[in-house]
Amino acid sequence: MAHEIALADIGVYGLGTMGSALALNFAGKGFSVAVTNREAGWIDDFLNEAPEFVDKMSGYAELADFVQAIKAPRTILFMIPSGKPMDAMIETIKPLLSEGDTIIDGGNADFNETRRRSAELDGTGLHFVGMGVSGGEDGARHGPSMMVGGTAHSWTQLKPMAEAIAAKFEGEPCVDHLGPDGAGHFVKTVHNGIEYADMQMISEIYGLLRDQGGQEPAEIGQMFERWATGPLSSYLIEISGAALQSVDSKTGQPMVDVILDKAGQKGTGRWTLVEALKLGQSASTIEAAVGARGWSSEKDMRVAADPLLEKGAIPAELPTEKDMENAMMAARILGHAQGFRILSSASEEFDWALDMARIAEIWRAGCIIRSSLLDEIAAAFRAELPFDHLILAPAISELLAVSISGLRRVVAVAALTGQPVPALSAALAWHDTMARGRGTANMIQAQRDFFGAHGFERMDVEGKHYGDWNAVQTIVCPVWPEA
Ligand code: 6PG
């Protein structure tokens, strides 16, 4: 079946959408690629569809032949479903490999599993790389953003090929070795968490214009198209503009109007949250986005609840386009800031020494969240960052200062009119919490100490203290009625 080539620079296992696109990208950049797939029937079909790379790609139905066709030390990229299939493949291929070979998991994997797999291969002479690949099919084919975690040895092997196929921002490749074991997959997971938040915020602006503004999809789409050329310039705003102006060829209806309002999710947004909470961090914008996808799936319940739940809506004037643009900008900054906060906390916890500026830089092109804001975020991380908090970087806090009132107006109008904006309002609540030197947690501490003698810190004297809860009162406990 194979058109034989000299030993391949890289092996690609898994010819699904992403695997095929990456194999073609490597070949297009002049690397020779050995390919294989669990269903061997796909291999010839794939090769036949790419006759221009006949000298660069070879296919193998047998795993042993595939391995033998790759130059040692081997670099083998697996583009297969994460979880059990990856573990099974490692077990199967291990005996066929030699010292110095590298196995790369290029899927969206749980970084905890990546760490475990790296540890299991440690000492065997084999290397494991967890590589986050972002940009969808088009990105994989023409230039993805890639987040690499693994050993220095593996990176030396992979670097020239990864840099060649990566997206470029002003000539700089959007790929880097970010740290050991699970670092790459963790950064990719948080990328996806930020992606979820940004997508949700865009959907909320769309919802406000659709439900309160009575606007048609194309009109809203044109607004996003305008935004895509300004400070909000980004892939997600751009595709939202195009999606809203697309028409269903079956019905002639706007495409978005024929799509059921139930969102799917494969789990990376949820992973971001779980890890954030384990690290003692809050990621309220990402939680809002994950939660909103969950609630969207309860379609039948929402349809039943619609006439039953009194909205109590209060008419309010729609915010201006400028206010909405500013609202999106402020919320985007806050969503990204929460994401980067999770990254710095994980970096500390796992001793990864993640370079935040570099992460922002490799997200400037190729990936789903690419935006002009990320260039400003990268610059902010390169400069001094007070308290390690993005929102305190002078350039970023200036951007927030001019956009936050827009977010306030949008959230206020949404609240009055009964329009759900969970991610936008989570962003605002976080901003307002961080912007107050004096919060309300003293009241939480009072309650904890009152009912549980948990103690608290005083403002005037160091150490642990307990309250004098001596006000005259009657505590009314609920009493269960007798059966
Ligand atoms: C990317 C994307 C991609 C992800 C899809 C779908 O960076 O290219 O994040 O990895 O799989 O966006 O994710 P959900 O199905 O969870 O929405």
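This text follows the structure it describes.
Undergrad: Can you help me understand the environment of tryptophan 363 in this one?
TA: Following the sequence through the fold, tryptophan 363 ends up in the loop between helix H16 (356-362) and helix H17 (372-382). Given a relative accessible area of 0%, tryptophan 363 falls into the buried group. Distance in space between the C-alpha atoms of tryptophan 363 and lysine 311 is 41 Å, their sequence separation being 52 residues. Beyond its immediate chain neighbours, meaning those up to four positions away, tryptophan 363 contacts Ser145, Met147, Val187, His191, Ile194, Phe340, Leu343, Ile369, Arg370, Ser371 and Leu374.

Undergrad: Is there a simple way to think about the packing of helix H9 (residues 217-227) against helix H10 (residues 235-244) in this case?
TA: Angle between the axes and distance between the axes are the two parameters that describe a pair of packed helices. Packing of H9 against H10 brings their axes to within 7 Å, and their N-to-C directions diverge by 155 degrees. In this view, H9 runs roughly antiparallel relative to H10, as classed from their interaxial angle. With respect to the hand of their crossing, H9 and H10 are arranged in left-handed fashion. Of H10, the residues touching H9 (which contributes Pro217, Ala218, Ile220, Gly221, Phe224, Glu225 and Trp227) are Ile237, Ser240, Gly241 and Leu244.

Undergrad: Honestly, the pattern of salt bridges in this entry has me stumped. Any pointers?
TA: Note that side chains of opposite charge can pair when their charged atoms are close. Counted under the stated rule, the structure contains 29 salt bridges. Between arginine 364 and aspartate 375 there is a salt bridge; the shortest N-O distance is 2.8 Å. In this pair, arginine 364 is assigned in the loop between H16 and H17 and aspartate 375 in helix H17, connecting sequence segments eleven residues apart. Classification of arginine 364 as buried rests on a relative accessible area of 12%. By relative accessible area, aspartate 375 is classed as partly exposed at 31%. Here the residues in one salt-bridge network are Glu172, Asp176, Asp355, Arg358, Glu361, Arg364, Asp375 and Arg382, joined through shared partners.

Reading guide: rules and limits
Residues numbered from 1 in each chain as written. Predicted model: local features only at pLDDT ≥ 70, side-chain atom pairs only at ≥ 80, totals over all residues. Heavy atoms only, no water. Helix = DSSP H or I, 4+ residues; strand = E, 2+ residues; numbered from the N terminus. Buried < 20%, exposed > 50% of the residue type's maximum accessible area, 1.4 Å probe, protein only. Contact = heavy atoms within 4.5 Å. Axes fitted to C-alpha atoms, helices over the stretch in contact; angles between N-to-C directions. Parallel < 35°, antiparallel > 145°, perpendicular 65-115°, else oblique. Left-handed = near helix turned anticlockwise from the far one by under 90°. Salt bridge = Lys/Arg side-chain N within 4 Å of Asp/Glu carboxyl O.

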